Amino acid sequence: MKEQPILEVSGLTKRFGVRAAVRDVAFELWPGEVLGIVGESGSGKTTLLNCVGGRLPADGGEVLYRTAAGPAVDMLALAEAERRRLLRTEWGFVHQNPRDGLRLDVSAGGNVGERLMALGHRHYGNLRQAAVDWLDHVEIDTDRVDDPPRAFSGGMQQRLQIARNLVTHPRVVLMDEPTGGLDVSVQARLLDLLRRLVREIGVSAVIVTHDLGVARLLADRLLVMKGGEVVEGGLTDRLLDDPHHPYTQLLVSSALSV
Amino acid sequence: MRADEPALRIRSLRKSFTLHLRGGVRLDALRGVDLDLFPAECVVLRGPSGAGKSTLMRCVYGNYAADSGSIRVAHDGSTVELVGAAPRQVHALRRGTLGYVSQFLRVIPRVSAIDIVAEPLLARGVAPADACKRAASLLERLNIPARLFDLPPATFSGGEQQRVNIAHVFIARYPILLLDEPTASLDEANRAVVIDLIQEARRDGAAILAILHDATAREALATRIFELAPRLAEVA
């Protein structure tokens, strides 16, 4: 069978009042691919991600998703219950601020196990074992399984959020500035971890970042956004080493060595 | 790949750079290059600095997007047009067919030398233990001390980084090799090892396109020289 994109976004538009934050954006995401979306703050990249991930209602367009069961569905037109089920079972969303993606007063193990329980897993021993395994995967000391993330550092919280998302083996993960707000050394560890997990699980991911270094390390392909529109797209190293659009040239020349 | 059919067929290849931040100045880097590269030959690109040697190589790797012309690559039993190819297609070519030794190793924080070298094998589905064993033996051959294997190469010397870079490409036995100054920062002993590696790859049938300023390496390896004319005046 010919391989098909797992996600096909077209005509996506989102207005805040009269201003279009995202205007007529289209892209595809292929199985196992990491797509980076770069641009300055205010370019619309986070709004785009939120619309694709069903966290903000779009004003127009289509988000065609090829489900695990086979048929393609438009996530924007789907009945609420079915959409929520897919988002919970086949998708993941990693927030820039881990506090938005974690339950701070529930134990680390509980945060990881919760998504499995939502899928119907009930056996306590298995849930706990999965939680311990995943903490280990994301390099959190497994002694901390009963501690609430409120007591964790920012880097640990972010790794926990990633574990919580990946434990159910989602097919699509959307990440909003996953390394934003972390120290450079903590960032390097997280990037290394993300690269490894993406390969091991074979997940397809969309990563929004303003950091071209992060984009270079993680993404197979990039889209550059400006003023709510995609101005250039292509292979990551082609786009960064041979940028064509004036805005991409400006971005690349403004960054510290990428 | 058949020995009498080119591994790489380049026709009328043009590449320019438009510098929008410099008032739209256009630099013509390649003005219609024609080149065939066959299996088991090593074509060395020659020309003055700025003639477009690295640019040509980067176009063939898909790192630069050519303006026009054609680059046909023998891949997986058929030929693939690289100019205008989709990113996924370029990735497939890089995974299976095109190996590129750049002038500098791009180090990734926290990733060890041995993992960098094993990576192309893992991407092809080789078992991790096997991939690591092969990576270690290649690094040994390139005189990288075993105590460095598990360290990220950020702190290595220039010559050590270059040898990691070479190992990263040569481990995968690509049918087409693009080598941009592979021996530039190596001492004599290591240069000899790298020359042997390249020679072996060529005898095994690899089609090699190289930039070699070092005369010893060039004389040992070149089966043919390809001249690139110096760039003409810039057009505003």
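As shown above, the structure is provided for reference.
First things first, this report covers the structure right here in the doc. (Residues numbered from 1 in each chain as written. Chains lettered and ligands numbered in written order. Predicted model: local features only at pLDDT ≥ 70, side-chain atom pairs only at ≥ 80, totals over all residues. Heavy atoms only, no water.)

## Points about the overall build of chain A
Let me state the cut-off plainly: A run of DSSP states H or I qualifies as a helix once it reaches four residues; a run of E qualifies as a strand once it reaches two. Both are numbered from the N-terminal end. Values of the radius of gyration come from C-alpha atoms, whereas the globule rule sets the reference at 2.2 Å times the count of residues to the power 0.38. Only protein chains enter the accessibility calculation, which uses a 1.4 Å probe. A residue is then buried if its area is under 20% of the maximum for its type, exposed if over 50%, and partly exposed in between. Note on areas: Shrake-Rupley with a 1.4 Å probe; residue coverage comes only from the protein chains shown.
Looking only at helices and strands, chain A has nine helices and ten strands in total. Taking 2.2 N^0.38 as the reference for a compact globule, 258 residues should give roughly 18 Å; the C-alpha atoms of chain A span a radius of gyration of 18 Å, in line with that estimate. Counting only C-alpha atoms and orienting by the principal axes, one finds that chain A spans roughly 55 × 45 × 45 Å. Across the 258 residues of chain A, 53% fall into the buried class. Roughly 11100 Å² of accessible area belongs to chain A as shown, and the carbon and sulfur atoms make up 49% of that amount.

## Re the interface of chain A and chain B
This is how the line gets drawn: It only takes one pair of heavy atoms within 4.5 Å for two residues to be counted as in contact. Here's the idea: put two parts together, see how much 1.4 Å probe accessible area each one loses, and the total over both is what we call buried area. By convention in these notes, a salt bridge is any Lys or Arg side-chain nitrogen within 4 Å of a carboxyl oxygen on Asp or Glu. Polar contacts here mean pairs of N or O atoms no more than 3.5 Å apart (in protein, one a potential hydrogen donor and the other a potential acceptor; neighbouring residues in sequence count only if both atoms are side-chain atoms).
Each side of the interface is counted separately: chain A has 26 residues, and chain B has 24 residues. Buried area between chain A and chain B, summed over both chains or domains, comes out near 2000 Å², and the portion from carbon and sulfur atoms is 53%. Looking only at chain A, the three residues that lose the most surface to chain B are Arg199, Leu235 and Asp242 of chain A, adding up to 26% of its buried area. Along the contact surface separating chain A from chain B lie five salt bridges. The salt bridge partner of aspartate 237 of chain A is arginine 94 of chain B, with a shortest N-O separation of 2.6 Å. Here chain A and chain B share twelve residue pairs in polar contact (both at pLDDT 80 or more) between them. Of all the secondary structure elements, the ones that give two or more residues to the side of chain A that touches chain B are α6 (184-201), α7 (212-218), β10 (229-235), α8 (236-241) and α9 (246-254) of chain A.

## Notes on the side chain of lysine 15 of chain B
Along the chain, lysine 15 of chain B falls in strand β1 (residues 8-19). Given a relative accessible area of 1%, lysine 15 of chain B falls into the buried group. A distance of 2.7 Å separates a polar atom in the side chain of lysine 15 of chain B from a polar atom in the side chain of aspartate 242 of chain A. Not counting residues up to four positions away in its chain, the partners in contact with lysine 15 of chain B are Asp242 and His244 of chain A together with Leu27, Asp28, Ala29, Leu30, Thr55, Cys59, Tyr64, Ala65, Ala66 and Asp67 of chain B.

## Focus: the sheet that holds strand β4 (residues 60-66) of chain A
All names here are of chain A. Note the following rule: Between any two strands, at least two bridges found by DSSP are needed for them to pair. Geometry is summarised by axes, namely lines fitted to C-alpha atoms with helices restricted to the contacting stretch, and by angles between N-to-C directions that run from 0 to 180 degrees.
As summarised here, the arrangement of the four strands in space is β2-β1-β4-β5, forming an open sheet in which the pairing is antiparallel. Both edges of this open sheet fall to β2 (19-29) and β5 (72-74), since each of them pairs with a single strand only. In this sheet, neighbouring strand axes are inclined to one another by 20° on average, regardless of whether the strands run parallel or antiparallel. Sheet analysis places strand β1 (residues 7-16) next to β2, joined by seven bridges and oriented antiparallel. Among the inter-strand pairings, arginine 15 is bridged to a residue of β2, identified as alanine 20. Along the sheet, helix α1 (residues 45-52) contacts β1, β2 and β4; its crossing angle with β1, the most-contacted strand, is approximately 120°.

## Observations regarding the nonpolar core
Spelled out, the test is: Put simply, buried Ala, Val, Leu, Ile, Met, Phe, Trp, Tyr and Cys residues joined by side-chain atoms within 4.5 Å make one nonpolar core.
One finds Val112, Trp134 and Leu160 of chain A to be the most contacted residues of the largest nonpolar core, which totals 47 residues. Counting residues per element, this core draws most heavily on α6 of chain A, which supplies six residues. For tryptophan 134 of chain A, the residues in contact, after removing those within four places along its chain, are Val112, Ala163, Leu166, Val167, His169, Leu197 and Ile201 of chain A. Ranked by size, the runner-up nonpolar core spans 45 residues in total, among them Ile116, Val117, Phe170 and Ala172 of chain B.

## Remarks on the pairing of strand β7 (residues 172-176) of chain A
Working note: regular strand, side chains alternate between the two faces of the sheet. Residue and element names in this part refer to chain A. We apply this condition: If you view a crossover with the strands going away from you and the path from the first strand over the helix to the second runs clockwise, you call it right-handed.
The element β7 is extensively covered by neighbouring structure, given that five of its five residues are classed as buried. Of the two faces of β7, the one carrying Val172, Leu174 and Asp176 and the one carrying Val173 and Met175 are both buried. Pairing geometry for β7 and strand β8 (residues 204-208), over five bridges, is parallel. Paired with valine 173 across the two strands is alanine 205, which belongs to β8. In the classification by handedness, the crossover that spans β7, the intervening α6 and the parallel β8 is right-handed.

## Things to note about the packing of aromatic side chains
All names here are of chain A. Basically, it comes down to this: The pairing test for Phe, Tyr and Trp rings, Trp by its six-membered ring, is centres within 6.5 Å, and the orientation test on the planes gives stacked under 30 degrees, edge-to-face over 60, and tilted for anything in between.
Applying the stated rule across the entire model yields three aromatic pairs over all chains. Ring centres 5.3 Å apart and planes at 80° place the aromatic pair tyrosine 65 and tryptophan 91 in the edge-to-face group. On the criterion of sequence distance, the pair formed by tyrosine 65 in strand β4 and tryptophan 91 in strand β6 (residues 91-94) is long-range, its members being 26 residues apart. In this structure tryptophan 91 comes out as buried when scored by relative accessible area, which is 1%.

## Notes on unusual backbone geometry
Residue aspartate 24 of chain A is not a glycine yet carries a positive backbone phi of 50°. Its place among the elements puts aspartate 24 of chain A in strand β2. Even without being a glycine, arginine 173 of chain B presents a positive backbone phi close to 50°. Here arginine 173 of chain B lies in the loop between α5 (158-170) and β7 (176-180). For arginine 173 of chain B, a relative accessible area of 63% corresponds to the exposed category.

## Observations regarding the sheet that holds strand β6 (residues 98-101) of chain B
All names here are of chain B. A sheet is described by the order of its strands in space; here five strands give the open sequence β6-β7-β8-β3-β9, paired in parallel fashion. The open sheet terminates on both sides in strands that have one partner only, identified here as β6 and β9 (224-227). Taking each pair of neighbouring strands and ignoring which way they run, the sheet shows an average axis angle of 20°.

## So, the environment of arginine 106 of chain B
Mapped onto the secondary structure, arginine 106 of chain B falls in the loop between β6 and α3 (113-123). For arginine 106 of chain B and asparagine 165 of chain B, which are 59 residues apart along the polypeptide, the C-alpha to C-alpha distance reads 8.5 Å.

## Brief notes about the side chain of glutamine 162 of chain B
All names here are of chain B. Considering the arrangement of structural elements, one finds glutamine 162 in helix α5. Classification of glutamine 162 by relative accessible area gives buried; the value is 4%. There is a polar contact of 3.1 Å between the side chain of glutamine 162 and the backbone oxygen of proline 182. Setting aside residues up to four positions removed in sequence, glutamine 162 forms contacts with Gln103, Glu181, Pro182, Thr183, Ala184, Ser185 and Leu186.

## Structural notes on helix α2 (residues 87-96) of chain B
Put simply, the rule is: When we speak of the arc, we mean the arc of directions from the helix axis to the C-beta atoms.
Listed in full, the buried residues belonging to α2 of chain B are Val90, Leu93 and Arg94 of chain B. The arc that holds the buried residues of α2 of chain B, viewed along the axis, is 95°, so those residues lie on one side. Looking at the buried side of α2 of chain B, the elements it contacts are β10 and α8 of chain A together with α1 (53-61), β4 (68-75), β5 (78-81) and β6 of chain B.

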